[in-house]
Every structure is written in structure tokens, then in C-alpha cells.
Amino acid sequence: MDLLIPLIILAGLYMAWNIGANDAANSMATSYGSGALTLKQVIAIGVMLEFMGASLFGQRVTYTIAKGIVPIELIDPNLIVVGALASLLSAGFWITIATYYRLPISTSHSIVGAVLGFGIAAVYQGYLSISDIRWDVMVRIVLSWIISPLFGGFLAFVIFTLIKLVLFEKFDVMSVEKVFRFLQIGTACYVAFAHGSNDVANAVGPLAAALGCIGKEAPIWILLLGGLGISIGFATWGYRVIEMVGRRITELTPTRGFSAEFSTATTVLIASYLGMPISTTHTLVGSVIGVGLAGGLASINLNIIKRILASWLLTLPISAALSIALYIMIIELI
Amino acid sequence: MRFVRSISEVFGYSPFEDLKRHAGLCAVAVGLLQKQFEAYRMGNFKEVERLRDEIDEIENRADDIKEEIRGKVTRSLLLPVDRHDLLNFLDVQDGIINYCEHVGHMLTFRRMRIGREIWEGFSILLSKIMETINEYEDLIDHISRLVMSSFTRREVEEALKHVREVERLEHECDLIQIGLLNLLFNSNMNPVDVNLAVTWVVHLGEIANYTARSADRFRIMILGKG
């Protein structure tokens, strides 16, 4: 069994790398796209603030992933180790496939589905009864997935409308944009911190469960490890994503970028406080649409909402089924 | 690039640059028409036909842009202006260049002798139409600033000044037209020649009319979201 722990750490690092490479990069690309920060500056801020967010504010979501959904205290510790590995591998696998096909999926949805899959496998084996699974927490999580993009969109709508009514009407638009270029340095930090605090759990939640961490707090070294993984992903692949996305989203001028980033970061940070593993990317998309609804953007492609919903509905069952399958396979192997 | 999840998909096709390009072609066509009248006056009919073809080609390019906009501005796009207002505006703007094409062809139908005074009238009318279309182009150029500022009252007000100016210029075109028609109907040109020249005047008038109507549609579009 102890042999599996290094494997879990590796799988967790892969998840963290993926989160840093894609999600962190996407959420910070707006600051690069608007020209507020250079690529080097974005990377420096991203690496530091993602790490800080993960290690300082990542406990609550980690707790939810580790033991909020499946009551692991009722299960044999050895099986938890297997379950944690199965969850991380299946989520990592699904994220890789979906990323290849450019589905706008969420790492948070994937890991929640995978952990739930492990819980269902445990029910199937008779270690848990179906009512032991914390369905109330699951409902809250799913609700948070629906609410977070809407809330981000609402906040962004309000913020951009205020900028428009209070600043654009009174001052020259270009000078307002110049001022917001500076403010966007702040929101870039804010978004990186918030993202780290929420998404680190996707990578280290199962690890915390496997190590049988007691109490509410996950040990700091686990969060540091997750933060490190995210930072490495951000520095080794994320810069390419930032360059690509940043070049395409030049429409997000500093005021628009500020509105979207501030709303996203605030929503994500609230979710982290509540221990809800939400999708930063979906929240960001919601926020950008909010700016669009306030009349701030030349054109928004609303088809993306359908694609997000479809990926959403696919992710939960697929990652759960993969996790069940992997769990059974690993049990058979050892 | 594979292995990238990107939020850039949230941004859709923006029609505003293409609208500006379309308006720009309208102005180019009016400029060519002015040259075509000059060539006719000089009796250079080869040049008149060449310019007709050039205007045709410009009109084709404008049509392509129009098709592209109409094909891409679907209901799944969230634009800062009403989609129908935008498409209606484009339709009317397209009328400007369509009438340029008509006149371009009408100049090749028949070789006529036209008196000096009438030629002066045409050249004044064409300059006024050129002035109108230039003012119109300035108006359409405002779309970038309008989108940038998210249609603030100040920017909308700036743009509306141009609309009023276009309307004023169009009225001046009307007056020149009336004078020109008066001259034509009282000239001793042969009746078929008079008929053709009158048709020129009427169609040139339509260019100015469509420019003013299009400016009005533009106003409706930008006031629709305010």
C-alpha cells in the first residue's frame, strides 16, 4: 500500500501541473492581453500568488475534496489510498483527453466526479451505504457550480456599468483605460491568489485523504506541494497558453479586464472560504459575459454557454465512471 | 496548439471593422464616379467604361463584405447594439454603393453632347455628394470609439453631430438636383438625351438619399442601446 503513496503524489503533481498550465494561465491571460503586464511579469506574479493562495487559503476546499463528499473515516485506510489514486488518475486522464479536444471542462468538476465515483465504488463493495455519501454536500457543490458563473457575471456587469456611468461619462476613455492598466496589476495578483486557493484542492485533496489527515486542516506541506505543482505548470506550459489566449482577447481593455478579473477572483475566493470547489474558468467566462451584457464588448459568442453546459454534463458521469473502473482494476491488481 | 483550454472562444465575430470597410468602399465608389463623369465630359469613353468596370469590382467587394457580415451576425452573438438594427443599417448602406453601380453603367449607354452649364451642374452635384459621403465616413469611423467607450452619452452625441451634418448636406444635394433638372428640362437637347441625363440626376440623388438614410439607420442603431 505504501508503494501507492508516491504514485498518488505523482498523480497529484500532474493534476497541479495541469491546473497551473491551463486554468491559472487562462485566468491571468487577460492582464497580459490588455498589455497591463509583460509575459515575464505575469509569470512572476502567477508563480508567487498561485503558490501563496494554495498554501495560505487552500485548506477548506481541500477538506471538502478529501472528506467532505465521501466519509472516509468509515472506510479502511488502505482502500482510501486506492480510491485517492483512482480519483486522481481518472480526473487527470479525463482532463487530458478533454483538453486535447478543446472541451471547456473544469478540473474541479472532474475531481469531484472522480471522488464521488470512488464513494460509489465503496458503496458497491459494501463498505458504505448509499446514504453515507454526503449528498447534501454534493448538492451544495453542484449549486455552487451553477451560482458561481452567474454571480461572477452579475458582479462584472455591476462593476463595468459603474465604470461606464461614473468614469467614461466624465473622463476621456483612453485616460481611464490607462489608470486601469495599473489597477489590473492588482487584479492579476488577486485572481492568481484566488485561483490557487480554490484549485489546489483538486490536486491535493485526494492526497490528504490518502494520508489520513485528521481534523479540519490539511498539513501545510501538502498544500505547499500542490502550490509548487501549480507554479511549475504555470511556468513551464502556462506561458504558452497566456501568449496564445492573450493575443486573442485584446478586446478586453484594462477596464473590461479589471471588471472580469475582479469579479472572478471575488467569486472564487468566496467559494474557497465556503469550501466549494468551483471552476475558475467557468466563472471567468460568466464574468466576461457580464461585461458583454453591460455593453462593454464588441461581440460575445453565446454558443460557449452550450459548450460549457455540455462539458459539464459529460464530466461528472465520465470522471465518476472512470474512477470506479480504475478503482476496481487497482484492487484486482494488488 | 493542442493541449490548451482557452477562454478566448467566448469572444465572437465583431462586425464593426467590416462595417467600416464597407462604408469605405462606398466612398471609393463615389470618388470613381466623379472621375467617370470627368472622363465623359472630356470625351474619353474608353476611360468611362474602364471606370464602370472598376466600380463594378468595388461593388462586388462590398457585396462580399455584406454577405460575410450577414452570415456571421447570428443570434448566438451578443452585440452591444441590436442585431436587427445593425443588419438594417447595413442594408441601407449597401444601397449607396448599389446606386453608384447603376450610375456607372448609365454613363456608358449613350454618347451625348451636353452643354457647359449642365456639366457645371453635374460637377457641383458630384462634389456635394462627395462631401456628403466623406462626412458619412467620418460618422461610421465613430463606431470604434462608440464600442470602446461602450456607447457613453458623450460619444453618442459626438456621432450624432455627424448625422445632422450628413442630413444637411443631403438637403443641399436636393437643391442642386432641382436646379439641374430645371436646366435639363429647359435645354434644347434631344429628348432621349434629356431623359438619360435626368435619370443620371435622379440616381445620383439616390446616392445622397441612401447616404442620409443610412446615417439615420446608424443613429437608430446607436440610440437603440443607450
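Computed from a predicted model, the values in this text were never measured in an experiment. (Residues numbered from 1 in each chain as written. Chains lettered and ligands numbered in written order. Predicted model: local features only at pLDDT ≥ 70, side-chain atom pairs only at ≥ 80, totals over all residues.)

**Side note on the overall build of chain B**
For chain B, the count of helices and strands is 6 helices and 1 strand. Listing each helix as α and each strand as β along chain B from the N terminus yields α-α-β-α-α-α-α. Taking all 226 residues of chain B together, the buried fraction comes to 42%. (Helix = DSSP H or I, 4+ residues; strand = E, 2+ residues; numbered from the N terminus. Buried ≥ 20, exposed ≤ 12 C-beta atoms within 10 Å, placed from the backbone.)

**So, the overall build of chain A**
For chain A, the count of helices and strands is 11 helices and 1 strand. Reading chain A from its N terminus to its C terminus gives the helix and strand order α-α-α-α-α-α-α-α-α-α-β-α. Over its C-alpha atoms chain A spans a radius of gyration of 20 Å, differing by no more than 12% from the 20 Å that the globule rule assigns to 334 residues. By its C-alpha atoms, chain A is 70 × 35 × 35 Å across when sized along the principal axes. (Rg over C-alpha atoms; globule rule 2.2 N^0.38 Å.)

**Observations regarding helix α10 (residues 280-293) of chain A**
The terminal C-alpha atoms of α10 of chain A lie 20 Å apart, and with 14 residues this matches the ideal 20 Å at 1.5 Å per residue to within 8%. Here α10 of chain A lies mainly inside the structure; 13 of its 14 residues are buried. (Expected span 1.5 Å × (residues − 1).)

**Considering the packing of helix α1 (residues 4-33) of chain A against α10 of chain A**
All names here are of chain A. Relative orientation of the contacting elements α1 and α10 amounts to 25 degrees, with a least axis distance of 9 Å. It follows from the interaxial angle that α1 and α10 lie roughly parallel. With respect to the hand of their crossing, α1 and α10 are arranged in left-handed fashion. Residues Asp23, Asn26 and Ser27 of α1 form the contact with α10, whose own contacting residues are Thr280, Thr281 and Leu284. (Axes fitted to C-alpha atoms, helices over the stretch in contact; angles between N-to-C directions. Parallel < 35°, antiparallel > 145°, perpendicular 65-115°, else oblique. Left-handed = near helix turned anticlockwise from the far one by under 90°. Contact = placed C-beta atoms within 7 Å.)

**Thoughts on the interface of chain A and chain B**
Between chain A and chain B, the residue contacts involve 32 residues of the former and 29 residues of the latter. Elements supplying a minimum of two residues to the side of chain A that touches chain B: α1, α4 (77-100), α6 (135-168), α8 (220-248), α10, β1 (300-301) and α11 (303-333) of chain A. Looking at which element gives the most residues to the side of chain A that touches chain B, the answer is α10 of chain A, with 6 residues. Each residue belonging to the side of chain A that touches chain B can be placed in one class, and the counts come to 17 nonpolar, 10 polar and 5 charged. In the sheet, β1 of chain A pairs with strand β1 (residues 77-78) of chain B via 2 bridges, with the strands oriented antiparallel. Following the sheet pairing, isoleucine 300 of chain A is matched in β1 of chain B by leucine 78 of chain B. (Nonpolar A, V, L, I, M, F, W, Y, C, P; charged D, E, K, R; others polar. Pairing = 2+ DSSP bridges.)

**Section: the environment of arginine 181 of chain A**
Residues and elements named next belong to chain A. With respect to the helices, strands and loops of the structure, arginine 181 is situated in helix α7 (residues 173-210). Accessibility expressed as a C-beta count within 10 Å gives 18 for arginine 181, which makes it partly exposed. Note: C-alpha distance between arginine 181 and phenylalanine 258 (77 residues apart in sequence) is 8.3 Å.

**Describing the packing of helix α1 (residues 16-41) of chain B against helix α3 (residues 83-106) of chain B**
All names here are of chain B. The contact between α1 and α3 brings their axes to 10 Å, and the two run at 20 degrees. Judged by the angle between their axes, α1 and α3 are roughly parallel. Note on packing geometry: the crossing formed by α1 with α3 is left-handed. Residues Leu19, His22, Ala23, Leu25, Cys26, Ala29, Val30, Leu33 and Gln36 of α1 pack against Leu90, Gln93, Ile96, Ile97, Cys100, Val103 and Gly104 of α3. For the contact of α1 with α3, a count of residues per class yields 12 nonpolar, 4 polar and no charged.

**Observations regarding the environment of phenylalanine 93 of chain A**
With respect to the helices and strands, the residue phenylalanine 93 of chain A is situated in helix α4. Along the sequence, phenylalanine 93 of chain A and tyrosine 14 of chain A sit 79 residues apart, while their C-alpha atoms lie 10.0 Å from each other.

**Description of unusual backbone geometry**
Here serine 150 of chain B, not a glycine, exhibits a phi torsion of approximately 60 degrees, which is positive. Within the element layout of this structure, serine 150 of chain B appears in the loop between α4 (116-148) and α5 (153-185).

**Quick notes on α4 of chain A**
All names here are of chain A. Between its terminal C-alpha atoms α4 stretches 35 Å, which fits the 34 Å expected from 24 residues at 1.5 Å a residue. With respect to burial, α4 is a largely interior element, 17 of its 24 residues being buried. Arginine 102, located one to two residues past α4, shows a positive phi value of around 60 degrees.

**Quick look at the nonpolar core**
Counting residues in each nonpolar core, the largest one holds 181 residues, and the members touching the most others are Met28 of chain A together with Cys100 of chain B. Take this core: its biggest share by element is 17 residues, from α7 of chain A. Not counting residues within four places of it along the chain, the set of residues in contact with cysteine 100 of chain B comprises Ala29, Val30, Leu33, Ile55 and Ile207 of chain B. (Core = buried A, V, L, I, M, F, W, Y, C linked by C-beta atoms within 7 Å.)

**Some points on the confidence of the model for chain B**
All names here are of chain B. Model confidence for chain B is summarised by a mean pLDDT of 95, while 98% of its residues fall at 70 or above. Mean pLDDT per element in chain B: β1 is the minimum at 95, and helix α2 (residues 45-72) is the maximum at 98. Scored as a complex, the prediction yields pTM 0.93 and ipTM 0.89. (pLDDT = per-residue confidence, 0-100.)

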